[in-house]
Amino acid sequence: MPIKLIQVQRKLNIGINTIVEFLEKNGHKIDSNPNTRISDEQYALLAKNFREDIPNKESWHSIKWNNENRSLIIALKTKPFIILSGISGTGKSSKVASIARSFCSGDFQYPPNYELIPVKPNWFDSTELLGYISPSTNKYISTSFTAFINKALEDTNTPYFVCLDEMNLAHVEQYFAEILSIIETRTFNKDQYEAKELSIGNDSKIRYPLNLYIIGTVNMDDTTFSFSRKVLDRAMVFENNNIDLHLGLNIQNKNTNPEKYNPEILLRHNLNYLDAYKKIKERNVIIEFLTLCNNCLDSSPFKFAYRLRNEVILYCYYNSLTTEKPTNWLIECLDEIVLIKLLPRIEGDRSRTEKPLKDVKELLMKYNLNKSIKKIDEMIYKLDSFEYTSYWY
């Protein structure tokens, strides 16, 4: 009996665009209208491919603490903009594609919920992402980014991931400012999502999708630009420098399919920071730690304010919901937060950075935040060697 696409979407927990692309790939061309009906044969083909990819119900709202992607996924839930740094060739853009695959039913090398957008050095304004009106034809010229936004809005049950590859080849503030500002307007009230509309190049407006996540990959060398504190204050920063040269050389050809996550991990049970603050029992420990950190940064340009505090509260709260947490989970959370949010802000010569770094290190030693201490030691070593230091390698 023929069944509507909208019903298939609900039964198999996959997006309509994914259904259309999969069937077309297998010789069945159909219209993407939600009321389009597909045959029993087409549904059987979909069910065979996607049914096994639906995660167990137990994993819908939580994730295990020791999951290799826990910190990254919870950072995305906290703020849908991540900067992924690392030396060239470490697989940063491949990492983004892998995360997208993990939230998409089906087996795709490049899943339909993933868009790679290479940033070019001549990007001077937002038209490169949001489009523009052609002066010769007076018609709107769209971009792959705006097309992907519309795709995400049509498939709200699936997280969509944009990879801005080499995003600091151009000044991020020049081409990304409008999007950064709109991301800051995202709010949740009893899991109801609201955000201001994004103006695109044809003078129309579009709401920033709840299910759109932007990850920028960066290298720091002579051809790239550094990040302003305005950008860093609005991003979650991760390093991808752990290199295992044995990785990917398994000659036994074992199954290496990525773990599948239920989209509801990202898309449901979102809170504003105040509700999260009320719910988390460890709130006083978190605020005390942040206050002590800010004291260490006193009289420096690296002090932080309410945005960082609010994101730390959310990050810690969402981590508190993970399963199989260690007894010192909050300490590990604070260690991650220092790496993700605090240390990327610190950059400059000895007169600006020496005292803040040493004071922060002394505080971190009292909390046994070993990962952050290791990173500070790297930054102090660079300062001693070159009279200048930064978070970046």
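Note: the structure precedes this text.
This report concerns the structure included in the present document.

Conventions we followed
Residues numbered from 1 in each chain as written. Predicted model: local features only at pLDDT ≥ 70, side-chain atom pairs only at ≥ 80, totals over all residues. Heavy atoms only, no water. Axes fitted to C-alpha atoms, helices over the stretch in contact; angles between N-to-C directions. Helix = DSSP H or I, 4+ residues; strand = E, 2+ residues; numbered from the N terminus. Parallel < 35°, antiparallel > 145°, perpendicular 65-115°, else oblique. Contact = heavy atoms within 4.5 Å. Nonpolar A, V, L, I, M, F, W, Y, C, P; charged D, E, K, R; others polar. Phe/Tyr/Trp six-rings, centres within 6.5 Å; stacked < 30°, edge-to-face > 60°. Buried < 20%, exposed > 50% of the residue type's maximum accessible area, 1.4 Å probe, protein only. Lys NZ or Arg CZ within 6 Å of the ring centre and 35° of its normal. Expected span 1.5 Å × (residues − 1). Salt bridge = Lys/Arg side-chain N within 4 Å of Asp/Glu carboxyl O. Pairing = 2+ DSSP bridges.

Here helix H12 (residues 283–296) crosses helix H15 (residues 350–367) at 155°, and the two axes come no closer than 8 Å. Classified by the interaxial angle, the pair formed by H12 and H15 is roughly antiparallel. Mapping the contact onto sequence places Phe289, Leu292, Cys293 and Cys296 in H12 and Pro356, Asp359, Val360, Leu363, Leu364 and Tyr367 in H15. Here the contact of H12 with H15 is composed, by residue class, of 9 nonpolar, no polar and 1 charged.

The next thing to look at is the environment of Ser88. Structurally, the position occupied by Ser88 is in the loop between strand E3 (81–85) and helix H5 (92–102). Counting along the chain gives 132 residues from Ser88 to Met220, while the straight-line C-alpha distance between them is 9.2 Å.

For the rest of this paragraph, the subject is the packing of aromatic side chains. Summed over all chains, the structure comprises 13 aromatic pairs. A ring pair is formed by Phe81 and Phe176, whose centres lie 5.1 Å apart and whose planes are at 50°; its orientation type is tilted. Taken together, the positions of Phe81 in strand E3 and Phe176 in helix H8 (residues 172–183) put the pair 95 residues apart, joining distant regions of the chain. Grouping residues by exposure puts Phe81 and Phe176 together as buried. A ring pair is formed by Tyr391 and Trp392, whose centres lie 5.2 Å apart and whose planes are at 85°; its orientation type is edge-to-face. No difference in accessibility class separates Tyr391 from Trp392, as the two residues are buried. Among the aromatic residues, those joined into a cluster by ring pairs are Phe81, Trp123, Tyr175 and Phe176. One Lys or Arg, Arg70, reaches over the ring of Trp65 and ends 3.7 Å from the middle of that ring.

Its 17 residues place the ends of helix H16 (residues 370–386) 24 Å apart at the C-alpha level, agreeing with the 24 Å of an ideal helix rising 1.5 Å per residue. Residues of H16 that are buried: Ser372, Ile373, Lys375, Ile376, Met379, Ile380, Lys382 and Leu383. Looking at the buried positions of H16, the neighbouring elements they touch are strand E13 (236–239), helix H14 (329–342), strand E14 (348–349), H15 and strand E15 (388–389). Downstream of H16 by one or two residues, Glu387 has phi in the positive range, about 60°.

Before going further, it helps to spend a moment on the pattern of salt bridges. Applying the stated rule across the entire model yields 18 salt bridges. With a closest N to O distance of 2.8 Å, Lys341 and Glu311 form a salt bridge. Taken as a pair, Lys341 in helix H14 and Glu311 in helix H13 (residues 306–320) lie far apart in primary sequence, 30 residues in all. Judged on exposure class, the residue Lys341 and its partner Glu311 are both buried. The shortest N-O distance in the salt bridge between Glu354 and Arg350 comes to 2.9 Å.

Our next topic: unusual backbone geometry. Residues other than glycine seldom take positive phi values, yet His269 does so here, at roughly 60°. Within the fold, His269 resides in the loop between helix H10 (264–267) and helix H11 (273–279). The phi dihedral of Asn368 is positive, around 60°, even though this residue is not glycine. Looking at where Asn368 falls in the secondary structure, it is placed in the loop between H15 and H16. With a relative accessible area of 53%, Asn368 lands in the exposed category.

To continue, consider the sheet that holds E3. Pairing in this open sheet of 5 strands is parallel, and the strands run E4-E7-E12-E3-E13 from one edge to the other. Of all strands in the sheet, those with a lone pairing partner are strand E4 (114–118) and E13, marking the two edges. Each strand axis lies, on average, 20° off the axis of its neighbour in the sheet, ignoring direction. Summarising the sheet, E4 and strand E7 (residues 160–165) pair through 5 bridges and their orientation is parallel. When the bridges of E7 are listed, Ile117 appears paired with Leu164. In the packing of H5 onto the sheet, the strands contacted are E3, E4, E7 and strand E12 (212–218), and the crossing angle to E7 comes to about 175°.

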